[in-house]
Structure formats: structure tokens, C-alpha cells
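# Architecture at a glance
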4 protein chains.
Amino acid sequence: MKIGLVGLGKMGNNMRARLKKGGVDVVGYDTNPDVSDVPDYAALAAALSTPRVVWVMVPAGRITDSVIDQLAEVLEPGDMIVDGGNTKFTDDEVHGKQLDAKGIGFMDVGVSGGVWGLENGYGLMVGGSQEQVEHLMPVFDALRPEGPREEGFVHAGPVGAGHYTKMVHNGIEYAIMQAYAEGYELLAASDRGIDVPGTFKAWQRGTVVRSWLLELMVKALDADPQFADIDGYVDDSGEGRWTLEEAIDHAVPMPAISASIFARFVSRQEQSPAMKAVAALRNQFGGHAVKA
Amino acid sequence: MKIGLVGLGKMGNNMRARLKKGGVDVVGYDTNPDVSDVPDYAALAAALSTPRVVWVMVPAGRITDSVIDQLAEVLEPGDMIVDGGNTKFTDDEVHGKQLDAKGIGFMDVGVSGGVWGLENGYGLMVGGSQEQVEHLMPVFDALRPEGPREEGFVHAGPVGAGHYTKMVHNGIEYAIMQAYAEGYELLAASDRGIDVPGTFKAWQRGTVVRSWLLELMVKALDADPQFADIDGYVDDSGEGRWTLEEAIDHAVPMPAISASIFARFVSRQEQSPAMKAVAALRNQFGGHAVKA
Amino acid sequence: MKIGLVGLGKMGNNMRARLKKGGVDVVGYDTNPDVSDVPDYAALAAALSTPRVVWVMVPAGRITDSVIDQLAEVLEPGDMIVDGGNTKFTDDEVHGKQLDAKGIGFMDVGVSGGVWGLENGYGLMVGGSQEQVEHLMPVFDALRPEGPREEGFVHAGPVGAGHYTKMVHNGIEYAIMQAYAEGYELLAASDRGIDVPGTFKAWQRGTVVRSWLLELMVKALDADPQFADIDGYVDDSGEGRWTLEEAIDHAVPMPAISASIFARFVSRQEQSPAMKAVAALRNQFGGHAVKA
Amino acid sequence: MKIGLVGLGKMGNNMRARLKKGGVDVVGYDTNPDVSDVPDYAALAAALSTPRVVWVMVPAGRITDSVIDQLAEVLEPGDMIVDGGNTKFTDDEVHGKQLDAKGIGFMDVGVSGGVWGLENGYGLMVGGSQEQVEHLMPVFDALRPEGPREEGFVHAGPVGAGHYTKMVHNGIEYAIMQAYAEGYELLAASDRGIDVPGTFKAWQRGTVVRSWLLELMVKALDADPQFADIDGYVDDSGEGRWTLEEAIDHAVPMPAISASIFARFVSRQEQSPAMKAVAALRNQFGGHAVKA
């Protein structure tokens, strides 16, 4: 099988390598000519045989919109676009309809695994029809981890379901990271002569909390046992927020995931306006000193 | 009626003034000779007629323990000590037993109102026996706000109940402050040309959220509309923590009050160890840049 | 001044009464002919002199959309519609543009006060132009509480600002209610012989937590001291959810308000799917018994 | 090596089996004569050669206190007791001092792994001196999982550190379970035709959220895909509460772990007193109907 791949950044480049290793031929396009296999979208289309499959692996939002628009200009009825980025599931429906009007198919795939995917394989959550999924299976099989297919790949549902399940995956991920982080902070604060890195290391086998994220925590503590060179400033990619918005919309209580998102928001504030307000109130009623 | 009052700081001094205005004679003692009416505990005891009543208004913990110890040396069976500080309710039981062994009575009073109490009166929550409460009623009537007694005074229960209800009062107070603070932060962030101080001012009459704390918020915004001169650093006095510990002990869910306590903890951290851990994890799996 | 008022339910009917008491003439229209002053929208328009002002006081969402559509059919350029319902601020922009295309003015007003507004006056948060606000001032003055105008009324900002500030008001209200409720639950659980209703009653004067909601809590406890006849099932009106969505959108941490919303979500579940999952997990790793 | 083992319930029995498989001879004692190797504590002591080692594996609290008291009667100076139960770390200090007065050594071990430990090995967190740890290493090596010792065993620190780190482990565990549970509830509620069990199954390889608890979630969903036969009622064993208390004591923000504990508290309430209070308040201000 031979597919097009738009976006050869950190993720796209690794995916190209894994696809090739798995026997899938890839024609890559990127706006950076140093890494691109072809000069433009027309050349990308020309390099593929019909029905073409083009996998889009670019930042979510306007960039993905624009790439899909430009691909729609060069593709033909019967071709298919696969969005493997971190697109919001509601955009999938828009893209799907837009492409359907031109006879072009559309699928969405949530891809997990980060920089480790090249080696470990990528966890794949796919939205689309049964027929589409079967057509792309050689691609999915090349990307997904070794082992039984259903343990690293799911046809999650219709278009949008791939990104929806990936979104929830990331919401869960936020709260798991927060869980380890809260435990770490308490152990580090406990002042009882506890071997904190050794404790995390020992949790890797036999315990209830063993996980891949724990293994990464061990690596991180090996590299910097007190996180002395790391700033407690944490971005969020959007998927946690969407998860929380969906929870609100469905009246699903989400106290732990929301806590992990709010902790990230706070981490990015030099000063908390809310805490300024609380400090001001305490000063008003109790004459408590205010730092300025 | 004539009582002793130990502790003539910000609170004690104002309370002495309000007691005198309310017809209660006060002999004050403080370690600071400039404000003390008598040179020592013996002189305090000598200045009161039996059965003596001494109100203690000093910081909770070891200082309160020490004052009660020293008073126990100079008082006699039949006398009574009233602890009006922010003592933990579990200490009340200890103090009560300790004094009971000497025949000295003990009551605990939670006192609310801060620097405004001199003018507005103090909200009083009292722990002790029915007989004790009746004996002290002239003192309570002088301290409490104008209006019906039961709207600013309660015999909350046996010894410990005064501080227990004051503790819960403070837990509630934390969460109410947090509520206004979160709303303030959103309004300030909304970037829609909203008159934020004017909005808080307008909430003072007719709305569901009108309260005394709202009025203080309006005063604070009048003085500094963007809290430019206030640091978002907020201490906690212990009572919020004890409220949460009691909740844990009774399996009472307390998500809003705990959130307001945790927000204070975070406000005092230069760097969050937990967020360092999350940043380190993100760097491990996604190659996300880490600020240093 | 004479205005039209569409919607004569619990709120609208009370507002009509207060407007008339304040010297504003009202022509009311409701789909219920028993309370309506006129048979239809055309008759409503005919009963008002130009430039007409029609205040809409109906449920947010499709009903408000439909009323505005129908009013737009019978009003003329220069007339004005005021939406006093609980509309989402994003809908205000849609309504404003839609009406502007016909030369009809639009304002949004957040109205607080519930069933007590007839007697106490309504807290008003207004979105619109300075000119519009001045034109409607006699109406606002009739509706708002006694006392200084700025303590019960605010021109919060441009169109949408009225509903936006009312939305945040409601978010704050949720968390304040949750604060009292958590404190109540702990006091009720404490098993220390505490007079719980008496304690809430005593907090009404002199304390830091005194508020109008506290007074309502006292009324509720007077009526039913253990809430024996009340089900712990709590709806939410949407404004709390929108507040939280806005917080997410602006990266504003909102732990206490979100906690109060999630507590309502949980209160409406017969069984929590999340807790089923936790119970299933505990059974898997610990052999803990599972209730069925 | 030959040790005594008190407590042959679900955990103790499995541990005896794994110890024997690992070459450690075990004399077991239990109050249930059907499973006990010896009739009483004296016989247990008599069956072991000095310096004796007795591992205690009974429920935390009064039962553990009582077993340690009784062992202290039959052991001699130079012997050692190892508490492998879920004892609170503050009790370890008490037990340590009590035994030290008799010349008997004491160690605490946090044991993770549940019913899977027999097969997988037990994650071990140990508190004690370096000398004690080395003496017991054959026992730890028999119990811990295959693989490098430091990945399933840690000498966490002095007496108390074993149970302290196990306590934090369990706090983290609560929040991780809550994370998956919240994600599950949203997926189940999403109504988008999503294959929920298939999605969890596919997360087992390649994704960021893969973990042992995820594998158990997959097993649980295999057995009952909608948790139809499981009640959403979740106990807590105490260690989560102690984790939160320690966090409060050290001013460590713990929003996600606290949320997971509160969710369990709520899960056990037929009716929430707090939500009754909120419902009562809404009825007071808005005339909202109250369910009874």
C-alpha cells in the first residue's frame, strides 16, 4: 500500500518511518522543503494511485482546516483523507460533510504514543465506516503496537469517534499525571527521611499503581531527582478542556479531571487574580496584612 | 458585672471597649504593660470578686495552653475561664478536664466579626452548660450585635461546641470567599468591556448573592479596582484545615471547602512540586519543552 | 412610561406588579389568555406608542428565540426589545444582529431576586448602549431595589454584558449555596449535641458569613429542621454550566464553582456509572465484594 | 529461612504460598484452627528458632494492636515483628517504642498487589533499619515480583516509612481509578455510537494511559460491559483519608485525590444532606419545586 502523508514534524516524521518499516510506502509532504518528498499538493496527488489515501498529521484547528481545503482541491471523488491530528471531534463532522460534497471520503484517527510511538507503536482510535476501516487496515497494522490488534487499535465508531475517544483518553491522562504528581509532592514534603525516587522505582512491579506513566516518572526522577531544573509550568493541548466541556454538556461529574486541568491553569499564572481577591477580602474583615 | 480579660491585642482591645460600652466592667491583663490594667495574673485574680470570670482572648495553641495553666494557678474552685480564641475543639475537652480537676469551670466561645466587631457586635457561638451560659449572659449580651439575641448568639452545645461551630463557620467562609474570587477572576478575564467593580457594587441589593463579604469586596474594589497593590498570597488560620479533617473523619464530602483551602496552599508556593512532576512527565512522553 | 411585557409567569407577573407600583404602565402578553392583556402580538404592538419598548420575560432558548422572531414581525424601526430572561450571552449577539437588520434595538438584562423581587426589588445587570440605558432608566428604577441606584443596578457593558454578569452571579451563587450546604452536612453529622438550626440562626448578625442566602437557610431550617421532607435532588438552570465553560475558555481555575455544579449532577443520578466502574475495579484487584 | 506468619486470611494465605514457593519456611497462626499450623502464640514461638521473625498480616487498628501485644508476651529480646498490614504510620511509632522497651525489633511493610500477588508477586515498601532490612531480604525476595529487586521493593526509610509510602500509593491509586471512571462515564454518556469496551481494550498497548488498572478495567468490562450487575457503592480503606490528612498537615494541595475520596463518600449516601440543603435554598429563593 502507498499513501500520502501531510505534515512531517516530530510526530509525522516518526510515523513515516514506522509505516515504511511496516511495509507501507509513503509520499510525504511538508511546507518545509528539506523534509518534503514532493514540492506541492498537486505533486503529492500525482504521486499516488487512485483511489488515493492521504493521512494528515498537522496541528489541530486552522492549519488542519487549511490542509484539508487544499487537499480537496487536488483529490478526486473516491479518494480519502484521514485526519490523524488532535482535531476537535466537532470539526470532524464539518470536514466530513465538506469532503462528502466532493465525493471524497473522510476518517478521523486519534493517535497516542508521543515520541515513543516510533519504537512502541501508536495506540489508534478510529472513526469511520466499517468499509473504510477495512480498506486502511494495512496502514493501521503498520502503525499500531505489536500484539493482538484489539489491544492497540479500535474502530471506535462513526466519523468523530476516533478523536472523541482520543480526547477522553487525554482527559484521563491528565488526571493520572495529577495523581502521581500529588503523591510525589506529599512524599517530597513529608520530611520523614523517605527515599522518594526509590519509592517510585519500586512501584513499577507488583503494585496497583504500575503503569507506563509511572515508568516515565521513574525516568524523570532518575534524570533529576528533585526536579530542580524543571519549571512547574504546564501547558494544556485543548483535549482536556474539550473533555470537560463534554462532561458539562452531558451532566457528567468530572471532579478529578477538572482538578487536573485547573492545576495546569494555575501553574501558568504569575499571580492569581482570585487569590488577590481573597487576600483583599481577608484584609477588609480581619485587618490581615496584605503582601504587595 | 465585672470580668477579667487576658489578651489585649487587636481583638481583645476592641472587645474590652464594647464590653465597657455594654455595662460590663473589665480588668484587662496583657504581657504588654502599656495596655495591661494589672501587672500579673495574681493581681488580675485579686481585682475580681468570686466567683471570678476570666475571658481568654489570645492566639490558639501553646499560648492559650500557657495562659490557662497560669490562670489555673491563681483562680479558685467556683471560678470560670472562658476561651474566646480560635482554639481547636479537641483542646477544649483537654482544658475542661484539666480545670474541672481544680473545680474551675470552663466554657468555649467562637467569636466572629473581625475588626468590625467593635461597631457591629460579635457573632457568638458558645459551648458549655445551660447554667454557665445563663450566668455569662450579660457578657454575651454586651458583645453580641444589636437585634434579637438568637440572631447573633447561640448556645451551640456542650463544651467544645462553641469552637466547633466557629470552625465550621470559617470553613464556610473560605468557600464563600473563593466563590466571589472565582467569579471576579472570570469577569476580569472576560475581555468584553465589563464594568467589574460596578457589577460587584450592583449585587449589593436585590440579588441572591448579596452578603456582608460582598460588601467588603466592594470596599476592596473601591480602594484598588484591579487589586494592583495586593499579592495573591493567602494564609490560612487552621480552622479551615480542621473543618476538612472533621469532614474526612465523618465521611462528609466537602469539595468546595477543600478547593478553597487548596487554593490557599497553592497561592503560597513559589513553584508547585506537583506541577514540576507533571511538566517532567509531559517532557518524557511528548518531548514537550520544559521551562527551566 | 408604558412598555410591553411578554411572559406573565411567576417572574413576569411579579415584575408587572412592581412596574405598575413604580409608575410604569404595562401591557402584558402571554400565551395563556387568562392572564394576558391582549390577544396577540399585533394587539400588543398596537397598544404601545412608538418608539415601542417590549420586555421579554420567557424561558431561555427556543422560546425566547421564537418570541423575538414574532415580535420582530410586529415592531418597527426605532422600537426596542429587552430580553430579561436567562438567555446565554452568545445568543444576545445573534438576537442583536438579527434585530439590528430590521432597525430594531436590543438590550439584555440579567434579573436577580427570584420570588422575593416583588417585595425587595430586582437586582439588574444591563447590557446595551449608554443611550439605550438612559432611555429605559424609568423602567430600571421601578424594578430595582430601594436605595442608591448603583447598589442594585449596573450598566455592565455592551449587549451581552447583562446576561454575562448574571451568568457569573449564578455561578457564584451555586458555590455559596454549596458552602453552606457542606457546613450544614458536617454539623449535622458531628454527633456532638450541636444545635444546628440555632447555629445557622445565630450567624445572621455579626459574623463573616452573614448573607441573604443564610437568611433563607434559616427560614428553610425553621420550616423543616432536618430537611426530612426534602429530596436531595438539585436541578441546574444552565448558567452555572456556561460560567464553567467560559472559565475553561479563558483558562480561569474554578474549583469551587465546578465542585458545586458537579455536586448537582451527582444528586440527580440514581447510580453513578463512574462509581460502578470504581467498584468493578476494586473487585478485580482486591476481591472486594461488589453490591448488586 | 523460617518465619512465623500471623493471619491466614485471603492475603496471608496467598503470601504463605508464595513464601514457601520462594524457599521460605512458614509457620502460620490464625484464630481459625482449620487453617492454623499451631494452636496458639506460645506454640508459634516454640516452633521458631531465635532470633525469631514473625510477620503480622491482620486488619489494621485494634486487631493489629492486639496481635502485637500477644506476640510481645511470647517473644524474646532479639526477636522481630514485621507488620505487613495496612496500619497507619503513626501507629508504627507506637508499636516500635512498645516493642523496643522489650528488646524486640519492629519493621513495617506496605504490601501491594491484592489477590494477584500470589502470581505476580507483591510490591513491597519497607520501613526499618538497614540491618533489619538486610536480615529479612530472603523474605522480601520471595514475596516481591520477578525482575530487578528495586522495581518491586524499596527500603523506603525508617520505621513508619513502609506504611507511609503504601498510604500515598493508595491515595494515588484512588485518583487513577477515579480518572478511568470519569472517562468511562463520559464515553458511556456520549451517545455517539462509541464502542466503549473496545476503546478501553485498545488503550492497553501504545497509549499514554496504559496501566495495570486499565487491564483490570478491560477484564471488568469483558465480564459486564455496562456494569449492569454492579452497585455504584464504594468503600474506602482509610489510607486515602490518611493521605489527605497528611496533605492538609503539610499544606500540600491535593485536589484530584481528595475528589476521588469525596466521590466514594457520596457513593455511599442514600441521600446527600448537603444537596437537601441546596434544594431547600433553591425552593426558598426561587420557588423551585422540591421533590419529597
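Rules used in this analysis
Residues numbered from 1 in each chain as written. Chains lettered and ligands numbered in written order. Predicted model: local features only at pLDDT ≥ 70, side-chain atom pairs only at ≥ 80, totals over all residues. Heavy atoms only, no water. Helix = DSSP H or I, 4+ residues; strand = E, 2+ residues; numbered from the N terminus. Buried < 20%, exposed > 50% of the residue type's maximum accessible area, 1.4 Å probe, protein only. Contact = heavy atoms within 4.5 Å. Least-squares fit on C-alpha atoms with pLDDT ≥ 70 in both. Salt bridge = Lys/Arg side-chain N within 4 Å of Asp/Glu carboxyl O. Buried area = accessible area lost by both parts, 1.4 Å probe. Polar contact = N/O pair within 3.5 Å; in protein donor to acceptor, adjacent residues only side chain to side chain. Nonpolar A, V, L, I, M, F, W, Y, C, P; charged D, E, K, R; others polar. Axes fitted to C-alpha atoms, helices over the stretch in contact; angles between N-to-C directions. Parallel < 35°, antiparallel > 145°, perpendicular 65-115°, else oblique. Pairing = 2+ DSSP bridges. pLDDT = per-residue confidence, 0-100. Lys, Arg positive; Asp, Glu negative; His and termini not counted. Phe/Tyr/Trp six-rings, centres within 6.5 Å; stacked < 30°, edge-to-face > 60°. Lys NZ or Arg CZ within 6 Å of the ring centre and 35° of its normal. Right-handed = clockwise from strand over helix to strand, strands pointing away. Expected span 1.5 Å × (residues − 1).

## Some details on the overall build of chain A
Of the regular secondary structure elements, chain A holds 13 helices and seven strands. Its C-alpha atoms give chain A principal-axis dimensions of roughly 75 × 45 × 40 Å. Considering chain A as a whole, with its 292 residues, one finds that 63% of them fall into the buried category. A sequence separation of at least 24 residues applies to 65% of the contacts in chain A between residues at least 6 apart.

## Quick look at the relation of the copies chain D and chain A
For the match of chain D to chain A, the screw axis carries a shift of 0.0 Å, the RMSD comes to 0.0 Å, and the turn is 180°. Accordingly, the operation relating the two chain copies is best matched by a two-fold axis. Using C-alpha coordinates, one finds that chain D approaches the rotation axis most closely at S211 of chain D, a distance of 1.9 Å. By residue overlap, the copies meet face to face through one surface: 100% of the interface positions of chain D are interface positions in chain A.

## Let's talk about the pattern of salt bridges
For the structure shown, the criterion picks out 53 salt bridges over all chains. Of the charged contacts, one joins R268 of chain A and D236 of chain A as a salt bridge, the two residues approaching to 2.9 Å between their closest N and O atoms. You can see R268 of chain A sitting in the loop between helix 12 (255–267) and helix 13 (273–286) and its partner D236 of chain A sitting in the loop between helix 10 (212–223) and helix 11 (239–249), a full 32 residues away along the chain. Put simply, K102 of chain B and E73 of chain B hold a salt bridge, and the shortest N to O gap is 3.6 Å. A residue pair is termed long-range when its members are at least 10 positions apart, and K102 of chain B in the loop between helix 4 (89–100) and strand 5 (105–112) and E73 of chain B in helix 3 (residues 62–74) qualify at 29 residues.

## Section: the interface of chain D and chain B
Taken together, the contact pairs 19 residues of chain D with 19 residues of chain B. When chain D packs against chain B, the two sides together hide about 1500 Å² of surface, and 76% of this comes from carbon and sulfur. At the boundary of chain D with chain B, the tally comes to zero salt bridges. The tally of links between chain D and chain B comes to two residue pairs in polar contact (both at pLDDT 80 or more). At six residues, the largest contribution of residues to the side of chain D that touches chain B is made by helix 10 (residues 239–249) of chain D. Looking at the side of chain D that touches chain B residue by residue, the classes come out as 13 nonpolar, two polar and four charged.

## Things to note about the packing of helix 1 (residues 10–21) of chain C against helix 6 (residues 130–143) of chain C
All names here are of chain C. It is at 8 Å that the axes of helix 1 and helix 6 come closest, and there the two elements cross at 110°. With respect to their mutual orientation, helix 1 and helix 6 come out roughly perpendicular. Residues M15, R18 and L19 of helix 1 form the contact with helix 6, whose own contacting residues are V139, A142 and L143. Looking at the contact of helix 1 with helix 6 residue by residue, the classes come out as five nonpolar, no polar and one charged.

## As for the side chain of R144 of chain B
If you trace the backbone, R144 of chain B turns up in the loop between helix 6 (130–143) and strand 7 (153–157). Excluding residues within four positions of it along the chain, R144 of chain B makes contact with R18, G121, Y122, L124, R149, G152 and F153 of chain B.

## What about the sheet that holds strand 4 (residues 80–83) of chain D?
Residues and elements named next belong to chain D. Taken in spatial order, the seven strands line up as 2-1-3-4-5-6-7 in an open sheet, and their pairing is mixed. Lying at the two open borders of the sheet, with one neighbouring strand each, are strand 2 (25–29) and strand 7 (153–157). The mean angle between the axes of side-by-side strands here comes to 25°, regardless of whether they run parallel or antiparallel. Looking at chain direction, strand 1 (residues 2–6) and strand 2 are connected through five bridges and run parallel. If you follow G4 over to strand 2, its bridge partner there is V27. Across the sheet, helix 7 (residues 161–189) lies against strand 4, strand 5 (105–112), strand 6 (123–127) and strand 7, angled at about 15° from strand 5, the strand it touches most.

## As for the relation of the copies chain D and chain B
Superposing chain D onto chain B takes a rotation of 180° combined with a translation of 0.0 Å along the rotation axis, leaving an RMSD of 0.0 Å. Looking at the interface residues of chain D, 100% of them are also at the interface in chain B, so both copies use one shared face.

## Things to note about the interface of chain D and chain A
Frequently, the measure chosen for interface size is the accessible area that the parts lose on association. Listed by partner, the interface residues are 70 residues for chain D and 70 residues for chain A. Overall, the association of chain D and chain A removes approximately 5900 Å² of surface from exposure, summing both partners, and the carbon and sulfur fraction of that is 68%. Between E151 of chain D and R205 of chain A there is a salt bridge whose closest N-O contact spans 2.7 Å. Counting across the chain D and chain A interface gives 22 residue pairs in polar contact (both at pLDDT 80 or more). Among the elements of the structure, helix 4 (89–100), strand 6, strand 7, helix 7, helix 8 (196–202), helix 9 (212–223), helix 10 and helix 11 (255–267) of chain D are those that each provide at least two residues to the side of chain D that touches chain A. Counting residues per element, the side of chain D that touches chain A draws most heavily on helix 7 of chain D, at 18 residues.

## Thoughts on the confidence of the model for chain A
Here chain A shows a mean pLDDT of 96. Residues at 70 or above account for 99%. Among the scores for the predicted complex, ipTM is 0.96 and pTM is 0.97.

## A short note on the side chain of D224 of chain A
Among the secondary structure elements, D224 of chain A is positioned in the loop between helix 10 and helix 11. Lacking a salt bridge, the buried D224 of chain A has K276 of chain B as its closest oppositely charged neighbour, with an N-O distance of 6.7 Å. Polar side-chain contacts of D224 of chain A include one of 2.9 Å to the backbone nitrogen of A228 of chain A. Apart from the residues within four sequence positions on either side, D224 of chain A is in contact with D229 and I230 of chain A.

## Details of the packing of aromatic side chains
This structure, assessed with the given rule, holds 36 aromatic pairs over all chains. Aromatic pair Y184 of chain B and F200 of chain B: ring centres 6.3 Å apart, planes at 55°, arrangement tilted. Here Y184 of chain B, found in helix 7 (residues 161–189), pairs with F200 of chain B, found in helix 8 (residues 196–202); they are 16 residues apart in sequence, far enough to count as distant. F200 of chain B matches Y184 of chain B in its accessibility class, with the two residues each being buried. Judged by centre distance (4.7 Å) and plane angle (55°), the rings of Y29 of chain D and Y41 of chain D are tilted. Of the two residues, Y29 of chain D sits in strand 2 while Y41 of chain D sits in helix 2 (residues 41–47), which places them twelve residues apart along the sequence. Classification of Y41 of chain D as buried rests on a relative accessible area of 11%. Taken together, the ring pairs connect Y184, F200, W203 and F227 of chain A into an aromatic cluster. Its end group placed over the ring of Y174 of chain D, R264 of chain D keeps NZ or CZ at 3.7 Å from the ring centre.

## Here's the deal with the pairing of strand 4 (residues 80–83) of chain B
All names here are of chain B. Here strand 4 shows a buried face lined by M80 and V82 and a second buried face lined by I81 and D83. Direction of pairing for strand 3 (residues 53–56) relative to strand 4: parallel, over a ladder of four bridges. Bridge pairing in strand 4 places V56 opposite D83. Handedness of the β-α-β unit built from strand 3, helix 3 and strand 4 comes out right-handed. Strand direction decides the pairing type here: strand 4 and strand 5, joined by four bridges, are parallel.

## Remarks on the packing of helix 10 (residues 239–249) of chain B against helix 10 of chain D
With their axes 10 Å apart at the nearest point, helix 10 of chain B and helix 10 of chain D run at an angle of 175° to one another. Taken together, the axes of helix 10 of chain B and helix 10 of chain D are roughly antiparallel relative to one another. On helix 10 of chain D, the residues touching R241, L244, E245, I248 and D249 of chain B of helix 10 of chain B are R241, L244, E245, I248 and D249 of chain D.

## Focus: unusual backbone geometry
With an omega of -10°, the peptide bond between T50 of chain C and P51 of chain C qualifies as cis. Following the sequence through the fold, P51 of chain C ends up in the loop between helix 2 (41–46) and strand 3 (53–56).

## Here we look at helix 12 (residues 273–286) of chain D
Owing to its 3.6 residues per turn, the α-helix brings residues three or four apart onto one side. Here helix 12 of chain D is 14 residues long and its end C-alpha atoms lie 20 Å apart, about the 20 Å a rise of 1.5 Å per residue gives. When you tally the buried positions in helix 12 of chain D, you get twelve out of 14 residues, the bulk of the element. Every buried residue belonging to helix 12 of chain D is among A274, M275, K276, A277, V278, A279, A280, L281, R282, Q284, F285 and G286 of chain D, and all of these are buried. Buried residues along helix 12 of chain D sit in contact with helix 1, helix 7 (161–189), helix 9 (212–223) and helix 11 (255–267) of chain C. Following helix 12 of chain D by one or two positions, G287 of chain D adopts a phi angle in the positive range, close to 65°.

## Description of the sheet that holds strand 4 (residues 80–83) of chain A
All names here are of chain A. In space, the seven strands of this open sheet follow the order 2-1-3-4-5-6-7, with mixed pairing throughout. Strands with a single pairing partner mark the edges of an open sheet, and in this sheet they are strand 2 (25–29) and strand 7 (153–157). Neighbouring strand axes in the sheet, compared pairwise and without regard to direction, differ in orientation by 25° on average. The sheet contact formed by strand 5 (residues 105–112) and strand 6 (residues 123–127) spans five bridges and is antiparallel. By the bridge assignment, V111 is partnered in strand 6 with L124. Here helix 4 (residues 89–100) sits on the sheet in contact with strand 4 and strand 5, set at roughly 150° to strand 5.

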